[in-house]
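Geometric and topological summary
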Amino acid sequence: MLRIDNLSFKHTGSASEVISGFTFSAEAGAITTILGPNGSGKTTLFRCIAGLWKPQRGNVSFRKSDMTRLSAHERARLLAVVPQDHEPPFPYSVFDIVLMGRAGHVAMFSAPSEHDISAAHAAIVSVGIEHLSERPYTKISGGERQLVLIARALAQETPILILDEPTSHLDFRNQIIVLEKVRSIVTEKGLTALMTLHDPNLALLFSHQVVLINEGHLIASGKPQQVVTAEHLQAMYGIPVTVVRNNGTGFICPQVTSTVGQYTND
Amino acid sequence: MKTKTIAGIVIILSPLVVGWVALFIGAYDISPLRVLSLLVQGITPFIPTPDSPEKAIILDIRLPRVLLAGLVGIALSVTGVTFQGIFRNPLVDPFILGISAGAAFGCALSVGFLPQLPIQIMAFVFGIAAVVLAYSIARTQGEISRLPLILSGVIISAFFTAMVSIVKFMVDPMKLQNIVYWLMGSFSLATWRLVWIVAIVLTISLVPIYLMRWRLNVISMGEDEAKAMGINVKRDRIIFIGASTLAVSIAVSASGIIGWVGLMVPHLIRMIVGPDHRRLVPLSMAGGAAFMIVADTIARNLTNYDIPVGIITAITGAPFFVYLMKRGGKESWGK
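Presented here is a report on the structure given in the accompanying data block. Since we're looking at a predicted model, the values are computed, not measured.

This part is about the overall build of chain B. A count of helices and strands for chain B gives 14 helices and zero strands. A globule of 335 residues ought to have a C-alpha radius of gyration of about 20 Å, and chain B, at 20 Å, matches this closely. Once the C-alpha set of chain B is aligned to its principal axes, its extents read approximately 65 × 60 × 45 Å. Here the analysis covers contacts within chain B between residues at least 6 apart in sequence; of these, 76% occur between residues at least 24 apart.

All names here are of chain A. Strands sit in the order β6-β7-β8-β3-β9-β10 across an open sheet of six strands; the sheet is mixed. Each having just a single partner strand, β6 (79–82) and β10 (217–222) make up the two edges of the open sheet. Neighbour-to-neighbour, the strand axes of the sheet open up by a mean angle of 15°, direction not taken into account. Here five bridges tie strand β7 (residues 160–164) to strand β8 (residues 192–197), and the two strands are oriented parallel to one another. Bridge pairing in β8 places leucine 161 opposite alanine 193. In the packing of helix α5 (residues 142–155) onto the sheet, the strands contacted are β6 and β7, and the crossing angle to β6 comes to about 170°. On top of the sheet, helix α6 (residues 172–189) reaches β3 (30–35), β7 and β8; it is set at about 135° to β3, its chief contact.

For the rest of this paragraph, the subject is helix α4 (residues 99–113) of chain B. Along its 15 residues, α4(B) runs 21 Å from first to last C-alpha, staying within 8% of the 21 Å computed at 1.5 Å per residue. For α4(B), a buried count of 13 out of 15 residues is recorded, marking the element as mostly surrounded by other parts of the structure.

Moving on: the nonpolar core. Within the largest apolar cluster, 184 residues are counted, with the highest numbers of intra-cluster contacts made by A:Val98, A:Ala151, A:Ile162 and B:Ala75. In terms of residue count, helix α3 (residues 53–86) of chain B provides more of this core than any other element does, 15 residues in total.

Turning our attention to the environment of B:Met271. Along the chain, B:Met271 turns up in helix α12 (residues 261–273). Distance in space between the C-alpha atoms of B:Met271 and B:Val195 is 31 Å, their sequence separation being 76 residues.

Cut-off values and rules
Residues numbered from 1 in each chain as written. Chains lettered and ligands numbered in written order. Predicted model: local features only at pLDDT ≥ 70, side-chain atom pairs only at ≥ 80, totals over all residues. Helix = DSSP H or I, 4+ residues; strand = E, 2+ residues; numbered from the N terminus. Rg over C-alpha atoms; globule rule 2.2 N^0.38 Å. Contact = placed C-beta atoms within 7 Å. Pairing = 2+ DSSP bridges. Axes fitted to C-alpha atoms, helices over the stretch in contact; angles between N-to-C directions. Expected span 1.5 Å × (residues − 1). Buried ≥ 20, exposed ≤ 12 C-beta atoms within 10 Å, placed from the backbone. Core = buried A, V, L, I, M, F, W, Y, C linked by C-beta atoms within 7 Å.

As C-alpha cells, this is what we get:
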C-alpha cells in the first residue's frame, strides 16, 4: 500500500503552500486517479510523490517504509514514472527507449546486461508493441509513444507505477486503448498505480479510486461513483454539470447554455 | 541491422587505413610498402636497422604528427557526442562552455608575457578555468540547469575573447603572429613527447565517458525523466563535463583551436549507425581520428605551405552543414 501522509509543499521563497495536508492511500492492483482543475496542485502532488520535489512536511511511504529520503537509484526500483508524451532530441529506437527503464538496475560503469535486455523485451511484449521495437521513437504516433513509455516503466520492474496525464495528447480512440491497457496490466501484475487525469469521465471509467484536488486541498477520495459527483465537480470547476446514467455507470455532462445541435438539427 | 554492423567495422578500421596512407603521402616520396616495413622495424626495437632519412621522416616526423592528429580527433569527437547528449542538442560543440576562448587567452598570455613557459600549460590551465567559471556562474541555489549553463558558456566566451583582443593589441607584431597562428589550429609542432602527454591525459578522461556511455541515452531524455529512471543526474553530469573538459583542454593545448570536428563527426556517425551511445561513442572515436588524420594530410599537402588544419575543417564544416540543412534538417537533427 502506498501511503501519502499529511503531504505539504511550497516553493522556496514562497509563503503559501501549493498543496497542504494531503492524506490518502493507494491499494495494490488498483488505479487511483487524481482529478482536479488546472492549477489545483495536481502536478505538484504528482512530482512530490515521484520524488522530483521534496515536500516540506509529511511523507510518502510504501509498505510502511519512508520513500522521501531514498536516492534516485533506490527510488527507481520502487516507483516508475510514465511522463507525458514528448519528443526526445535523438531518434532512438523504441527498444532503446524501453531499455532505458533499466537504468535503476544497471551499475554506474556498465551497460545493460542480457538480463536487462530480456526484461525490456518482456515489457514490450506485455504492452503488445513488438512490431514497433526497431522503429524510431520519433516516427510513431502519439498513442504508440504513450504505450512505449508505459513499456519503459514496466521494464523498471517496480511495484508502483505513476502516470502523468497519460491521455493528454491522444485522440478519443487512443485514450481508451491506452487506459484499457494500463488497467489490464495493473490488475494482472498487482501494481499500485497512481495517475492524474483531466477528464472526469475517463476517471469514472478507468479508476478504482478517485482523489479530488482543488486549490491545493483534498476535496474527497473514494470509489469513483461516490466521489465524482455533480456537486463536487461544480464546486471544483465552477461550471454546472449533470450526471447521466447509462448501463449503471454515471456520465458527466456539462450544461452548456445553448448547444450547436439546437441550431443545426432542422 | 547487418549494414549497420558492416558500416561499424569499416569505421573502426578507418583510422588505421587513413593513418597508413597519411604516412606515405608527403613532400618526400616514400613507397607504401617501405612505410610498412619501417613501421614494423620501429615497433621491434631489438632488430637494429640502419638509420636513413626515410626512417627519420616516417618515425620521427610523420608518425607523431599522424598520431597526434588522431588523438585530437578522438578527443574533439567524443566530447562533441558527450556534450550533445547531456545538453540534449545535436548542434552543441565541445567548445560550448567557453573552453576554446579560455585556452586562447592562456595561449595569448603565454606568448605575450610568459615566453619561458610552453604555450600548452597556460592554454590548458585557462581552458579548464573557463569551464569552472561557466559552471559556477550557472549554479544557483545548488542547482545547475541546462540553459543557464549554455548561457554562461556564451558569457565566458565573450569575456575571454575580449581579453585575447587586449593581449593581441598590447604585444609586439612578432608575438602577435605567433598567437594568431596558434589560434588557427595546427599539428606542425607534433613531437613524441607531446603525443605521449596527450595520449595519457586523454586515456584518463575517456575511460569514464566510455564506461558510462549508455547513461548518455538516459540523460538525453531530460533531467526529470533520467532522475525518475534512477540516474543521479547531477553527479553524472559533473563526471561527463569534468572528463570532457580535461579531454578538450589537452587537445586544444596540443594543437590550438580546431573547430567543426566535434559537430561534424558525431553527426555523420549518427546518420550511419543511429543515436544509441553504446555504438555512437566508440565509433565517433574512430571516425574522429580518421577524419582528423585526413584533414591534416590535406592541410600538409594541398599547397607548398603547411596550412593550419583548423582552416581545412572550417572550410569543410560550413558546406557540410548547408548540405544537412538542405537535405532536410529535421531528419538529421532527429526531430
